[in-house]
Amino acid sequence: MTSLPTRAQVLETLLQRWDPVSQTETIPVEAALGRVLTRDQYAQATIPVARASAMDGVAVCAVRFGQGMPDTAGWKLGEDFCRADTGDDFDDRFDAVIPIERVQISEKGQLTILGDMQVRPGDNIRPRGSAIRTGELVARKHRQLRPFDLACLAMGGIAQVEVYRRPRVAFIPTGSELVPLGAPVGRGQTIDSNTLLAQAMLTEMGAEPLCYPIVPDQPGALAEALEQTLQAADILLLNGGSSKGAEDYNARLLEERGAALFHWVAAAPGKPLCVGLIQNKPVINLPGPPLAALYGMDWCVRAMVHRLLHKPMPRRQTIQGILTEPIQAPKDMEILCMMEVQPTQEGYLVKQKPWRGGSMADALGAGAVYVTELGREVCPAGETLEVTLLRGLEDF
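Not measured: the values here are computed from a predicted model.

Definitions and cut-offs
- Residues numbered from 1 in each chain as written.
- Predicted model: local features only at pLDDT ≥ 70, side-chain atom pairs only at ≥ 80, totals over all residues.
- Heavy atoms only, no water.
- Pairing = 2+ DSSP bridges.
- Helix = DSSP H or I, 4+ residues; strand = E, 2+ residues; numbered from the N terminus.
- Buried < 20%, exposed > 50% of the residue type's maximum accessible area, 1.4 Å probe, protein only.
- Polar contact = N/O pair within 3.5 Å; in protein donor to acceptor, adjacent residues only side chain to side chain.
- Phe/Tyr/Trp six-rings, centres within 6.5 Å; stacked < 30°, edge-to-face > 60°.
- Lys NZ or Arg CZ within 6 Å of the ring centre and 35° of its normal.
- Expected span 1.5 Å × (residues − 1).
- Arc of directions from axis to C-beta.
- Contact = heavy atoms within 4.5 Å.
- Axes fitted to C-alpha atoms, helices over the stretch in contact; angles between N-to-C directions.
- Parallel < 35°, antiparallel > 145°, perpendicular 65-115°, else oblique.
- Left-handed = near helix turned anticlockwise from the far one by under 90°.
- Nonpolar A, V, L, I, M, F, W, Y, C, P; charged D, E, K, R; others polar.

Student: Sorry, what's going on with the pairing of strand β27 (residues 384-389) here?
Tutor: Looking along a regular strand, one sees the side chains alternate between the two faces of the sheet. In this structure, strand β21 (residues 318-323) lies alongside β27, joined through 5 bridges in antiparallel fashion. Across the sheet, the residue bridging to Thr-318 is Thr-388, located in β27. Bridge analysis of strand β25 (residues 368-371) against β27 gives 2 bridges, and the strand direction is antiparallel. Bridge pairing in β27 links Val-369 to Thr-388.

Here it is as structure tokens:
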């Protein structure tokens, strides 16, 4: 079995040793889309306030229909009947509504009922509080608010809600070879694309990304950047400098401070990932290659953000696909496989995209992912795999 810690072991240890303090804030309901409630919310209003019409029609007294259809030739609008539109209140003298499709009202206000019909008290009327009542539970704590949740809160007269503050996650790209997006790229240089990756993934998770400028591979500059971000963020991400290269200072920085809990994990790409705690704040040193950064963001950082938001990890959509080519993997490593998905009349075919020596654009454009199992070296062609979708099925 592997001598390196697994993803599960790293997360278990980190979550046990970390004692997070979740911050809250009160915000207007209209600004609360996607936020997570800190407590149950109960309606502060009753809707409808009084009984209301359930449809467009005319309101009448049901007792006048007790002996069959009455003669309405002499009925007067406002005295014997009135208009009652959907959701409207109407005069308390009337206790039933006839659908507008069953009546005619002349220009002079004369009512004609089309055909025979039974009319009973309460017909086509929504009683008081039928939509929502004061004190009714409208949204449970730890619920992530969707558009219809906001509408329900508003219907209940709730104008403000207390939510968990978005976790502030600092992302520090490091490496003397990096240049920012838009700058010319010279020999020995590469574009910092991981900042954009992290910013988008953190926003999608519900966090507030704090993206810092590129820090060169200089121990003093790296230590200074780490200290600055400790004051601003709940979680710190250092990108690059995690392996054993001559200028890989970040993991060494955490180890020298006695903050590193793990360095190296049985998950690739991204095996040199380093995880630590400083001042009760997780510090995660993500390896620099884009696929390694993506993998670490997904399995490690996502768990930290969801912990602060009191949200369960999302269940992603999966499909069953037949593997067209074997997957080779070290038995002591969980390998993230970027998968190509091909729909057929019978189902789906899946194939691993190369992650060593292949096009990075091709790998990152994958439609699904699959993580190999520890202890298993080969997934043979023809086997049915459950893969996790990165795109909607309509995109295939």
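Student: Where do I start with the side chain of Arg-302 in this structure?
Tutor: Locating Arg-302 in the fold gives a position in helix α6 (residues 290-309). We classify Arg-302 as buried; its relative accessible area is 7%. Of the polar contacts made by the side chain of Arg-302, one reaches the side chain of Asp-298; its length is 3.1 Å.

Student: I'm lost on unusual backbone geometry in this one. Help?
Tutor: Generally, phi is negative for residues other than glycine and the peptide bonds are trans, each holding for most cases. Here the amide bond leading from Ile-47 into Pro-48 is cis, since omega sits at -10 degrees, within 30 degrees of zero. Residues other than glycine seldom take positive phi values, yet His-142 does so here, at roughly 70 degrees. Mapped onto the secondary structure, His-142 falls in the loop between β10 (137-139) and α2 (147-155). In this structure, Gln-279 takes a positive phi of about 55 degrees despite not being glycine. Within the secondary structure, Gln-279 is located in the loop between β19 (274-278) and β20 (281-286).

Student: Honestly, the packing of aromatic side chains in this entry has me stumped. Any pointers?
Tutor: Aromatic ring pairs are reported here in terms of the distance separating the ring centres and the angle at which the planes meet. Under the definition given, this model contains 1 aromatic pair. The residue whose ring lies beneath Arg-51 is Phe-90, and the NZ or CZ to ring-centre distance is 3.8 Å.

Student: Explain helix α4 (residues 219-232) here, please?
Tutor: One full turn of an α-helix is made of 3.6 residues, so residues set three or four places apart face in the same direction. In this model α4 runs 21 Å from its N-terminal to its C-terminal C-alpha over 14 residues, within 8% of the 20 Å that 1.5 Å per residue would give. Here α4 has its buried residues at Leu-222, Ala-225, Leu-226, Thr-229 and Leu-230. The buried side chains of α4 occupy one side of the element, clustering within an arc of 140 degrees when seen end-on. Facing away from the buried side of α4 by more than 90 degrees, the exposed set consists of Gly-220 and Gln-231. Looking at the buried positions of α4, the neighbouring elements they touch are β12 (168-173), β16 (235-239), α5 (250-256), β19 and β20.

Student: Looking at this structure, how should I read the environment of Gly-66?
Tutor: By secondary structure assignment, the location of Gly-66 is in the loop between β4 (57-60) and β5 (82-84). Among the residues examined, Gly-66 registers a relative accessible area of 56% and is labelled exposed. As a C-alpha pair, Gly-66 and Val-119 span 53 residues in sequence and 7.9 Å in three-dimensional space.

Student: Sorry, what's going on with the packing of helix α3 (residues 194-205) against α6 here?
Tutor: To characterise two packed helices, one gives the angle between the axes of the helices and the distance between these axes. Packing of α3 against α6 leaves a shortest axis separation of 10 Å and a crossing angle of 30 degrees. Classed by the angle they form, the pair α3 and α6 counts as roughly parallel. Between α3 and α6 the crossing geometry is right-handed. Within the contact between the two elements, α3 uses Asn-194, Leu-197, Ala-198, Met-201, Leu-202, Glu-204 and Met-205 and α6 uses Pro-290, Ala-293, Leu-294, Met-297, Asp-298, Val-301, Arg-302, Val-305, His-306 and Leu-309. Counted by class, the contact of α3 with α6 contains 12 nonpolar, 2 polar and 3 charged residues.

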